[in-house]
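Results of the structural survey
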Amino acid sequence: MKPIYSIVAPVYNEEGILREFYNRVSQVMTDMGEDWELIMVNDGSRDSSIAIMEDLAASDSHVKYVNFARNFGHQTAVTAGIDYATGDAVILIDTDLQDPPEVIPKLAEQWKDGYEVVYAVRAKRSGESWFKLATARLFYRVLYRITEVSIPVDTGDFRLMDAKVADVLRNMREHNRFIRGMTSWVGFKQTGVEYERAAREWGETKYPLRKMISFALDGVTGFSFFPLQIMGTASAFLGVLAIIVAIVISVLRVSLGANFFGGQATTIVLLLLLTSFQLFFLFIMGLYVARIYDETRGRPLYVVASTSGFDKQAIRDADVPPHDYIVASTGGFGEAVNDE
Ligand code: UDP
Ligand code: MG
């Protein structure tokens with residue numbers, strides 16, 4: 001039977017908290033009293049997370065999982081969860097309990113009031129370094145200014161979306177994914193619900209600085225051409241500056257003597273400065289070019305090693321590009337997901 005709520009949870013080395021996560025979700029959903037499914041996506045965990053998922057799936061039919069062939073990254077794991085979800089509403093939530101499952105009923109309330117996307121806004125964040133808080137604050141505000149779609153500030157992926165929105169997302173197969181921007185891009189009626197983001201209850205963040213930067217670049221390049229456009233402004237600025245400097249130096253040389261500004265030091269500094277500018281702009285162009293290359297290769301977004309608990313027919317009916325369902329092993333081809 002088709003569930004009302006599909007809860008999508010990406011899992012990467014979360015063995016210490018997975019059971020607790022399941023307990024809290026299951027408690028909240030049981031209290032809500034409507035049918036639900038929990039889709040956990042194992043993003044190539046190297047700990048015992050998958051064994052715990054197998055266990056949970058065996059003891060509760062609400063629990064289903066998708067097991068990736070390797071680590072494909074958080075945003076791709078969420079994507080797979082959405083691909084496999086069959087509910088009338090799809091809820092994205094982290095498994096580290098930083099997004100309290102107790103907020104789900106509040107999201108659902110707004111959905112029942114007619115909103116197609118209900119995102120959870122972090123009113124407060126505990127247990128995070130000042131550096132992460134400050135950079136995140138700045139990032140969301142800059143992103144808001146430079147993109148054409150308004151991506152709400154201080155909002156992660158914790159959100160509820162109507163099946164209509166999930167359907168559009170299933171057909172957006174871009175490779176460098178920024179889900180929070182993509183759900184804003186879709187449109188429909190959207191609203192936010194404030195919540196207090198908890199500290200991670202166990203383990204460490206899987207988003208070190210390097211991944212945070214690359215994620216931020218996905219957000220910027222995926223939704224704006226601003227970095228390319230400022231190249232035009234910067235080149236105009238430097239051009240005008242060059243003309244002014246040429247005039248000023250000519251005047252100074254005529255009035256103060258031919259050797260004025262004759263030093264090589266100035267030339268060297270300027271050369272380095274301009275080269276650095278140019279390389280920076282090349283780097284920005286490179287970001288966009290690399291993304292074009294990524295798309296033209298046309299590789300699947302992820303590779304699935306195994307799944308559990310899914311109604312194969314429902315998946316087939318979902319009309320998702322089937323090349324994303326490459327499965328490492330099958331048995332009795334009649335049942336294979338990828339059987340066209
Ligand atoms: N995650 C994932 N794949 C990754 C990194 C993270 O599936 O490569 C999952 C992780 O298990 C968690 C969620 O994505 O459920 C958010 O990650 P994390 O809590 O480390 O990020 P933070 O909250 O620190 O930004
Ligand atoms: Mg977290």
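Refer to the structure printed above.
Residues numbered from 1 in each chain as written. Chains lettered and ligands numbered in written order. Predicted model: local features only at pLDDT ≥ 70, side-chain atom pairs only at ≥ 80, totals over all residues. Heavy atoms only, no water.

Here the focus is the site of ligand 1. Not every one of the 19 residues close to ligand 1 is listed here, only the nearest: Glu14, Asp43, Asp96, Thr205 and Lys206. For ligand 1, an oxygen atom lies 2.9 Å from a polar atom in the backbone of Pro10. Between Lys132 and ligand 1, the recorded distance is 3.0 Å, taken from a side-chain N or O atom to an oxygen atom. When ligand 1 is considered free in solution it has 530 Å² of accessible area, and contact with the protein chains removes 96% of it. In terms of residue class, the shell around ligand 1 is made up of four nonpolar, six polar and nine charged. (Near = heavy atom within 4 Å. Polar contact = N/O pair within 3.5 Å; in protein donor to acceptor, adjacent residues only side chain to side chain. Areas by Shrake-Rupley, 256 points an atom, 1.4 Å probe, with all protein chains shown as cover. Nonpolar A, V, L, I, M, F, W, Y, C, P; charged D, E, K, R; others polar.)

Turning our attention to the pairing of strand S5 (residues 117–125). Counting buried positions over the nine residues of S5 gives seven, a clear majority of the element. As paired elements, S5 and strand S6 (residues 155–162) share four bridges and run antiparallel to each other. When the bridges of S6 are listed, Val117 appears paired with Met161. (Buried < 20%, exposed > 50% of the residue type's maximum accessible area, 1.4 Å probe, protein only. Helix = DSSP H or I, 4+ residues; strand = E, 2+ residues; numbered from the N terminus. Pairing = 2+ DSSP bridges.)

Taken together, eight strands build an open sheet; the order of strands is S7-S5-S6-S4-S1-S2-S3-S8 and the sheet is mixed. The sheet is open, and its two edges are formed by strand S7 (190–197) and strand S8 (304–308), each paired on a single side. Neighbour to neighbour, the strand axes of the sheet diverge by 20 degrees on average, direction disregarded. For strand S3 (residues 63–68) and S8, the ladder comprises four bridges, and the chain directions are antiparallel. (Axes fitted to C-alpha atoms, helices over the stretch in contact; angles between N-to-C directions.)

Taken together, the side chains of Trp130, Phe131, Leu209 and Ile213 present a nonpolar region at the surface, about 470 Å² in accessible area. Counting only elements with at least two residues in the nonpolar patch, the list comes to helix H5 (130–146) and helix H8 (209–223). Judged by its relative accessible area of 45%, Leu209 is partly exposed. (Patch = residues over 30% accessible without salt bridge, like charges linked within 9 Å, V, L, I, M, F, W, Y side chains within 5 Å. Salt bridge = Lys/Arg side-chain N within 4 Å of Asp/Glu carboxyl O.)

This next bit is on the packing of H8 against helix H10 (residues 264–297). For the pair H8 and H10, the least separation of the axes is 11 Å and the interaxial angle reads 85 degrees. On the basis of the axis angle, H8 is roughly perpendicular to H10. Contacts between H8 and H10 involve Ser214, Leu217, Asp218, Val220 and Thr221 from the first element and Leu287, Tyr288 and Arg291 from the second. Tallied by class, residues from the contact of H8 with H10 come to four nonpolar, two polar and two charged. (Parallel < 35°, antiparallel > 145°, perpendicular 65-115°, else oblique. Contact = heavy atoms within 4.5 Å.)

Let us look at helix H3 (residues 74–84). For H3, a buried count of 11 out of 11 residues is recorded, marking the element as mostly surrounded by other parts of the structure. Every buried residue of H3 is accounted for by His74, Gln75, Thr76, Ala77, Val78, Thr79, Ala80, Gly81, Ile82, Asp83 and Tyr84.

Right, let's talk about the coordination of the magnesium ion (ligand 2) for a bit. Those donors, Asp96 (OD) and Gln98 (OE1), are the protein atoms that reach the magnesium ion (ligand 2), and they lie 1.9 Å from it. For Asp96, a relative accessible area of 4% corresponds to the buried category. Classification of Gln98 by relative accessible area gives buried; the value is 6%. (Donors = N, O, S within 2.8 Å, 3.2 Å for Na, K, Ca; no water.)

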